[in-house]
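Take a look at the letters that make up each chain.
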Amino acid sequence: MSDQAVETRDLVREYKGGVKAVDGVSLTVESGGIFGFLGPNGAGKSTMVRMLTTLLRPTSGTAIVAGHDVMKEPGVVRRRIGVALQDAAIDPYMTGRELLRLQGVLHGMKRADCRARADVLLGRVDLENAADRRVGTYSGGMRRRLDLALSLVHEPVVLFLDEPTTGLDPVSRVTLWDEVRRLNVEHGTTVFLTTQYLEEADQLADRVAIIDGGLIVADGTPKALKARIGYPLLSVVAADGSTPDDVARVLSGFGEMVPGARDGGAAVRLPGGSTAMADAVRALDDAGVRFAEIDLAEPTLDDVFLASTGRHLAGSDDATV
Amino acid sequence: MTAAIPVIRQTAALAWRSIVTTIRLPQAWFPALFFPLVLMAIFTASFGGAPGTIPGFPPMRSFLDFAVSGAIIQGVLIGGTSAGAAFATDIEGGFFDRLVASPTSRTSILTGRLGASIALGVGQALLFIAIAAIFGARVDGGLIGIIVVVVIATLFAAAVGGLGIFLALRTGSGEAVQGMFPLFFALLFFSSAFFPLDTMVGWYHDVAALNPITYLVESMRREIIGGATIWTALTGIGIALGLALITVGASALALRRRLRVSA
């Protein structure tokens, strides 16, 4: 058994008409972490997940999931993975408890185990009070939590979540994040989640790959990816008789200037990060330059996306048009 | 045979789920009960005097006896169409994907849905016989007659269920499956489900004479109004079995095809 939860090599899925939804993806996801697969709509995220969960046959390439080849041993893979797909319809006329028990039977669990497992999971996703209500009466957040619970019935080794929070309100989103984090930490389940939200990848994932047009354009820890973009940006606005030029003269000693980044002031990329910021402020004081505003901005995953693709990612705050 | 146990349990669980969701959704079962019963009542009231006065009607106690078989076939047809549409909705909505991504046996995906169609079809046949009995209908063939009627209804439920599953797998759209319903309904009217073959004329008669539904209905009807033989019973059972084998076989192939194309 390998330590990799997911390992793909040159994975391709071509649809009729020659459109390559996934165009040669080689990806390794280590066991035990939360992996964020980030990309805009239509980037190939769902196609990738469908191939990894045995729902879609790759056109070429290989994919090993939970130690087994998805093409050669789909049955073994299915026993070891949990899947919560995007917008998965949950029977509105069944209750949460009924659906969980049904899922247990489908996984070949004994009747008593199905009951016990349903109770545990209902507690874990905080749906005990709604367990015997029909799912049709659930809120969006409750459905997603039930969906999560359904994918956990058989204690999977690797859990696939396809856009688990798309369409959820911010509070429900945070609740689900907590759930996923807890699952990862307390139960050691490897989580492979796709998202089009930067914040989600940033908050939840310890490793991120960005997919665009069926290709991986960036891959690493969120921190490393952001570091690759550059250092944090220090912006200073001049005040009380000091000019932007005065500010710029001092800041230029600390790193690479970013022209036009700040009206009425200047901005510099700070290799020293926040510690260097204190030095910069002291230097401004020593030079007698007066300033009104000072701001240190870390690069975001949207900057990473922008740098990799030349476009902003929809859903990022900076990118809202 | 331990390998068969999960399939049986999964089939039972999936059939249970299909039955429960059908019963909890009135629009899924109401038409299958309401329309056949209403038509049975209307035709019985309209043509109550037809037997014995209009040539072409076989000898019978009452028109109600005559109408029961058509109502059963019609109910099974409507119920089977809804079941097919529900299966297509599972495909559209993602329940099917959830099954396919789990170790659920591929067989039970099919047999679960078929089992539900059959169970609902049998229940419906017994209910219709019971309701008709309340209004004075009698089954001439007695217990054996009832068994023959229920067996034909069961096999026909499997046949319609298989057709619905086949269409669902090929179209993947609940609306498309439900959209086939007028066609099935026409098929019903181009048969002896409501009126005897001998009162029909011209090409209409010829079409109805070729329609397998005609022979199912005739076979059941003989058991109810009288004149049944082993031969008439076996004809109905044989044709229903043949239809079921064809559609269930087609649906199994369609499932394999869908899984091959996708998975």
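Residues numbered from 1 in each chain as written. Chains lettered and ligands numbered in written order. Predicted model: local features only at pLDDT ≥ 70, side-chain atom pairs only at ≥ 80, totals over all residues. Heavy atoms only, no water.

Trainee: Kindly report on the overall build of chain B, identifying the contributing residues and their values.
Mentor: The helix and strand tally for chain B stands at 11 helices and zero strands. Of the regular secondary structure in chain B, the N- to C-terminal order runs α-α-α-α-α-α-α-α-α-α-α. The globule rule puts the C-alpha radius of gyration for 263 residues at 18 Å, and the 19 Å found for chain B is close to it. Once the C-alpha set of chain B is aligned to its principal axes, its extents read approximately 60 × 40 × 35 Å. Residues counted as buried form 50% of the 263 residues belonging to chain B. (Helix = DSSP H or I, 4+ residues; strand = E, 2+ residues; numbered from the N terminus. Rg over C-alpha atoms; globule rule 2.2 N^0.38 Å. Buried < 20%, exposed > 50% of the residue type's maximum accessible area, 1.4 Å probe, protein only.)

Trainee: Tell me about helix α10 (residues 273–286) of chain A, and name the residues and values.
Mentor: All names here are of chain A. For α10, built from 14 residues, the straight-helix expectation of 20 Å at 1.5 Å per residue is met to within 8% by its first-to-last C-alpha distance of 20 Å. Restricting attention to buried positions, one finds in α10 the residues G273, A276, A280 and L284. Viewed along the axis of α10, the buried residues span an arc of 85°, placing them on a single side of the element. α10 presents S274, T275, D285 and D286 as exposed residues on the side facing more than 90 degrees away from its buried surface. One or two residues past the end of α10 sits G288, with phi positive at roughly 75°. (Expected span 1.5 Å × (residues − 1). Arc of directions from axis to C-beta.)

Trainee: If you had to explain the interface of chain A and chain B to someone new, which residues and values would you point to?
Mentor: Facing 32 residues of chain A, the contacting portion of chain B comprises 26 residues. Between chain A and chain B, the buried area comes to about 2,500 Å², and carbon and sulfur atoms account for 56% of it. Among the residues chain A hides against chain B, the three largest losses belong to R78, Y93 and L106 of chain A. Together they make up 26% of the total. Remark: the boundary between chain A and chain B carries four salt bridges. Note that R24 of chain B is salt-bridged to E98 of chain A, the shortest N-O span being 2.7 Å. (Contact = heavy atoms within 4.5 Å. Buried area = accessible area lost by both parts, 1.4 Å probe. Salt bridge = Lys/Arg side-chain N within 4 Å of Asp/Glu carboxyl O.)

Trainee: Run through the layout of surface pockets, naming residues and quoting values.
Mentor: Residues and elements named next belong to chain B. One number sums up the size of the largest pocket: a volume of about 840 Å³. Where the lining of the largest pocket is concerned, the elements lending two or more residues are α1 (4–23), α2 (26–47), α3 (63–93) and α5 (106–134). The greatest single-element share of the lining of the largest pocket, amounting to 12 residues, is contributed by α3. Of the residues contributing to the lining of the largest pocket, the split by class is 20 nonpolar, 15 polar and four charged. (1 Å grid on protein atoms, 1.4 Å probe; cavity = no way out; pocket = protein on both sides within 12 Å on 5 of 7 lines; lining within 4 Å. Points joined across faces, edges and corners; volume = space filled by probe spheres on them. Nonpolar A, V, L, I, M, F, W, Y, C, P; charged D, E, K, R; others polar.)

Trainee: Break down the packing of aromatic side chains for me, citing the residues and quoting the values.
Mentor: Remark: the centre distance and the inter-plane angle together describe each pair of aromatic rings, the angle taken between the planes. Under the counting rule described, the total for this entry stands at 21 aromatic pairs over all chains. Measuring from ring centre to ring centre gives 5.3 Å for F43 of chain B and F194 of chain B, while their planes differ by 55°; the resulting arrangement is tilted. Of this pair, F43 of chain B sits in helix α2 while F194 of chain B sits in the loop between α8 (181–189) and α9 (202–210), placing them 151 residues apart in sequence. A residue is classified by how much of its surface remains accessible, and F43 of chain B, at 14% relative accessible area, is buried. Centre to centre, the rings of F190 of chain B and W203 of chain B are 6.0 Å apart; their planes meet at 25°, and the pair counts as stacked. In this pair, F190 of chain B sits in the loop between α8 and α9 while W203 of chain B sits in helix α9, placing the two residues 13 residues apart along the sequence. Residue classification places F190 of chain B among the partly exposed positions, given a relative accessible area of 26%. A relative accessible area of 60% means that W203 of chain B is categorised as exposed. Sitting above the plane of the Y197 of chain A ring, R173 of chain A keeps its charged end 4.1 Å from the centroid. A cation sits over an aromatic face here: R221 of chain B above F66 of chain B, 3.6 Å from the ring centre. (Phe/Tyr/Trp six-rings, centres within 6.5 Å; stacked < 30°, edge-to-face > 60°. Lys NZ or Arg CZ within 6 Å of the ring centre and 35° of its normal.)

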